[in-house]
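# Coordinate analysis (summary)
Here is how the chains run, residue by residue.
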Amino acid sequence: MTVPVVTVEFLGMARHRAGRSELSAAGRTVAELLVAVVRACPKLGGLFTESGAVSRQFLISIDGQRFTDDPNEVIPTGCRLLIFGADAGG
């Protein structure tokens, strides 16, 4: 079975830390995609906690339509995963 490739877009402080606006990552779940993101962008190492939960420092959105903090949520092929820094201000 082929692992889907998802476009991950970085916004705000997440973009600054990643040093890029987006990347393609392989994974089925939010957790798998975040692991791939951290491998590609080590400065985003705080995306999830030691227990595997999504860090409160970041917000994760699926296609800009809704937010999720469930690391086990399956991301459908063709979706975009948006990662925002949960910083106050604009």
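Residues numbered from 1 in each chain as written. Predicted model: local features only at pLDDT ≥ 70, side-chain atom pairs only at ≥ 80, totals over all residues. Heavy atoms only, no water.

## Examining the overall build of the protein
When you go through the protein residue by residue, the secondary structure sums to two helices and five strands. Helices (α) and strands (β) of the protein occur, in sequence order from the N terminus, as β-α-β-α-β-β-β. Over its C-alpha trace the protein gives a radius of gyration of 12 Å, about what one expects of a compact globule, namely 12 Å for 90 residues. Projected onto its principal axes, the C-alpha positions of the protein cover 40 × 25 × 25 Å. Intrachain contacts of the protein at a sequence separation of at least 6 include 45% that bridge at least 24 residues. When the accessible surface of the protein is summed, it comes to about 5,300 Å², and 52% of that surface belongs to carbon and sulfur atoms. (Helix = DSSP H or I, 4+ residues; strand = E, 2+ residues; numbered from the N terminus. Rg over C-alpha atoms; globule rule 2.2 N^0.38 Å. Contact = heavy atoms within 4.5 Å. Areas by Shrake-Rupley, 256 points an atom, 1.4 Å probe, with all protein chains shown as cover.)

## A short note on the sheet that holds strand β2 (residues 22–26)
Strand order across the open sheet formed by five strands is β2-β1-β5-β3-β4, with mixed pairing between neighbours. Among the strands making up the open sheet, the edge pair consists of β2 and β4 (66–68). Averaged over all pairs of adjacent strands, the angle between strand axes in this sheet comes to 35°, irrespective of strand direction. Two strands pair when backbone bridges link them, and strand β1 (residues 5–11) and β2 are joined in this way by five bridges, in the antiparallel orientation. The residue bridging V5 from the neighbouring strand is A26, located in β2. Running over the sheet, helix α2 (residues 30–40) touches β1, β2, β3 (58–62), β4 and β5 (80–85) and is turned about 125° from β2. (Pairing = 2+ DSSP bridges. Axes fitted to C-alpha atoms, helices over the stretch in contact; angles between N-to-C directions.)

## Section: the environment of H16
Mapped onto the elements, H16 comes out in helix α1 (residues 13–18). Separated by 27 residues in the primary sequence, H16 and K43 have C-alpha atoms spaced 9.4 Å apart.

## Notes on the nonpolar core
Ranked by size, the top nonpolar core spans 23 residues in total, and within it V8, F10, V37, L44, I75, L81 and I83 carry the most contacts. At the level of elements, β1, α1, β2, α2, β3 and β5 are the ones that each hand at least two residues to this core. Not counting residues up to four positions away in its chain, the partners in contact with L81 are V6, T7, V8, E9, L33, I60, S61, I62 and I75. (Core = buried A, V, L, I, M, F, W, Y, C linked by side-chain atoms within 4.5 Å. Buried < 20%, exposed > 50% of the residue type's maximum accessible area, 1.4 Å probe, protein only.)

## As for the environment of V74
Note on placement: V74 falls in the loop between β4 and β5. Spatially, the C-alpha atoms of V74 and C41 are 22 Å apart, while their sequence positions differ by 33 residues. Among residues more than four places away in sequence, those in contact with V74 are R28 and T29.

## Notes on the pattern of salt bridges
Going through the model one piece at a time under the given rule, you end up with four salt bridges. Put simply, E9 and R15 hold a salt bridge, and the shortest N to O gap is 4.0 Å. Since its relative accessible area comes to 19%, E9 is described here as buried. Residue R80 pairs with E9 through a salt bridge whose shortest N-O separation is 3.0 Å. Highlighted residues: R80 in strand β5 and E9 in strand β1, separated in sequence by 71 residues. On the basis of relative accessible area, R80 is assigned to the partly exposed category, the value being 28%. (Salt bridge = Lys/Arg side-chain N within 4 Å of Asp/Glu carboxyl O.)

So yeah, pure geometry; function would need other evidence.
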